[in-house]
Amino acid sequence: ATGVPATQHPARTARSLLHHTARTARSALALLAACSGSACTAAHQTMFTLLRGHGARRCAAPRHCGRRGVGTSATATKCTSAVRGRLSKEDILSLSSTPCWSPSYPNGPYLFRNREYFIVRYKTCIDALKRMVPEPLEPRSNEVLYEWIAMPDSPGFGSYQESGIVVPCVYNGEHINYTAWMTLDDEPPIAAGREVWGFPKKFGKPSLTVESDTLVGTLRYADQHIALGTMTYK
């Protein structure tokens, strides 16, 4: 019964303990939310102090916590303001994405190194293609591009695979490519692709591999085999 006088009525003592435990638990959770990674040992030490009932509210070593870098005053401010339950307008506007303390993707610039493409051209029904393409775009022909992309080195996004459908179109007399659908196996580039660039990305399991002398592209969605493409390697 830490911090509760022994002379109090038992029921009142129990209520005080429950209130105290809930308050310290909320503070501990807020502190952990403000500190990213297991390296923030100060956060864990302070949480332990909170649960012992000493009422600490501030991370003692902001250089280990936050998402903004090492040893900056901005990091210390973010850590402290989060524990107090406040997030300023400036904090929100500086975020790359949400959730606030674990964004889906980082701020740019964005780099995509050593990409590998495998593109299959095929013909389809022009009437079906026109129903698929939104106004004011017009399909250039009945030709469609199905592509696989291996993305092995994308800082902040990781190593992942993409697959999708591209329709060559005409817009105001200019030739453009309309991206109709894309699937990826990695959440950060899905979120960034939708929120930053407006690509129609969703989660799936595309794969682009080399099997002996054959380049193989596959797509699985909802545990079903959706697409397959092969080509002699190089």
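Residues numbered from 1 in each chain as written. Predicted model: local features only at pLDDT ≥ 70, side-chain atom pairs only at ≥ 80, totals over all residues. Heavy atoms only, no water.

Novice: Just to check I follow, could you spell out the nonpolar core for this structure?
Specialist: Nonpolar side chains in soluble globular proteins tend to end up buried together. Of all hydrophobic cores here, the largest spans 16 residues; its most connected members are Tyr-146, Trp-148, Ile-165, Val-167 and Leu-208. Sorting the residues of this core by element identifies strand 3 (143–154), strand 4 (158–171) and strand 8 (214–221) as the ones contributing at least two each. With 4 residues, the single largest contributor to this core is strand 3. Sequence-distant contacts of Tyr-146, that is, excluding residues within four places in its chain, are made with Phe-118, Ile-119, Val-120, Tyr-122, Ser-163, Gly-164, Ile-165, Trp-181, Leu-219 and Ala-227. (Core = buried A, V, L, I, M, F, W, Y, C linked by side-chain atoms within 4.5 Å. Buried < 20%, exposed > 50% of the residue type's maximum accessible area, 1.4 Å probe, protein only. Helix = DSSP H or I, 4+ residues; strand = E, 2+ residues; numbered from the N terminus. Contact = heavy atoms within 4.5 Å.)

Novice: Explanation requested: the pattern of salt bridges in the structure shown.
Specialist: Here the idea is simple: oppositely charged side chains can pair when their charged atoms come close. Counting across every chain of the model gives 4 salt bridges. In this structure, Glu-143 engages Arg-121 in a salt bridge whose closest nitrogen and oxygen atoms are separated by 2.8 Å. Here Glu-143, found in strand 3, pairs with Arg-121, found in strand 1 (residues 116–123); they are 22 residues apart in sequence, far enough to count as distant. Overall, Glu-143 belongs to the partly exposed group, its relative accessible area being 22%. The exposure class assigned to Arg-121 is exposed, which follows from its relative accessible area of 57%. The salt bridge partner of Glu-162 is Lys-201, with a shortest N-O separation of 3.8 Å. (Salt bridge = Lys/Arg side-chain N within 4 Å of Asp/Glu carboxyl O.)

Novice: Sorry if this is basic, but what is going on with the environment of Asn-142 here?
Specialist: Looking at where Asn-142 falls in the secondary structure, it is placed in the loop between strand 2 (138–139) and strand 3. For Asn-142, a relative accessible area of 25% gives the class partly exposed. Taking the C-alpha atoms as reference points, Asn-142 and Leu-129, separated by 13 residues in sequence, lie 7.0 Å from one another. Sequence-distant contacts of Asn-142, that is, excluding residues within four places in its chain, are made with Tyr-122, Lys-123, Thr-124, Ile-126 and Leu-129.

Novice: Explain unusual backbone geometry to me, please; I cannot follow it from the model alone.
Specialist: Negative phi is the rule for most residues except glycine; trans is the rule for most peptide bonds. Residues Thr-98 and Pro-99 are joined by a peptide bond in cis, for which omega reads -5 degrees. Looking at the element boundaries, Pro-99 is found in the loop between helix 4 (89–93) and strand 1. In this model, Gly-108 is joined to Pro-109 through a cis peptide bond whose omega is 5 degrees. By the secondary structure assignment, Pro-109 is in the loop between helix 4 and strand 1. Positive phi, close to 60 degrees, is recorded for Ser-212, a residue that is not glycine. Relative to the elements of secondary structure, Ser-212 occurs in the loop between strand 7 (205–211) and strand 8. Even without being a glycine, Ala-222 presents a positive backbone phi close to 55 degrees. Mapped onto the elements of the fold, Ala-222 is located in the loop between strand 8 and strand 9 (224–232).

Novice: What should I look at first to understand the environment of Pro-206 in this one?
Specialist: Here Pro-206 shows up in strand 7. Between the C-alpha atom of Pro-206 and that of Ala-227, which follows or precedes it by 21 residues, the distance is 8.9 Å. Beyond its immediate sequence surroundings of up to four residues, Pro-206 is in contact with Trp-148, Gln-161, Glu-162, Ser-163, Thr-183, Leu-184, Asp-185, Thr-218 and Leu-219.

Novice: Would you mind going over the packing of aromatic side chains with me for this structure?
Specialist: To describe a pair of aromatic rings, you give the distance between the ring centres and the angle between the ring planes. Taken as a whole and assessed by the stated rule, the structure comprises 6 aromatic pairs. Considering the side-chain rings of Tyr-110 and Phe-157, the 5.5 Å spacing of their centres and the 15 degrees angle between planes classify their relative orientation as stacked. Taken together, the residues span a long stretch of sequence, with Tyr-110 in the loop between helix 4 and strand 1 and Phe-157 in the loop between strand 3 and strand 4 at a distance of 47 residues. According to the relative accessible area criterion, Phe-157 is buried, its value standing at 4%. (Phe/Tyr/Trp six-rings, centres within 6.5 Å; stacked < 30°, edge-to-face > 60°.)

Novice: Help me out: how do you make sense of the sheet that holds strand 7 in this one?
Specialist: Whether parallel or antiparallel, the strands of a sheet pair through hydrogen bonds between backbone atoms. Read across the open sheet, the 3 strands follow the order 7-8-9; overall the sheet is antiparallel. Because the sheet does not close on itself, it has two edges, and the strands there are strand 7 and strand 9. The average angle at which neighbouring strand axes cross in this sheet is 15 degrees, direction not considered. Of the strand pairs in this sheet, strand 7 and strand 8 are connected by 7 bridges, and their pairing is antiparallel. Residue Thr-209 lies in a different strand from strand 8, and its bridge partner there is Val-216. (Pairing = 2+ DSSP bridges. Axes fitted to C-alpha atoms, helices over the stretch in contact; angles between N-to-C directions.)

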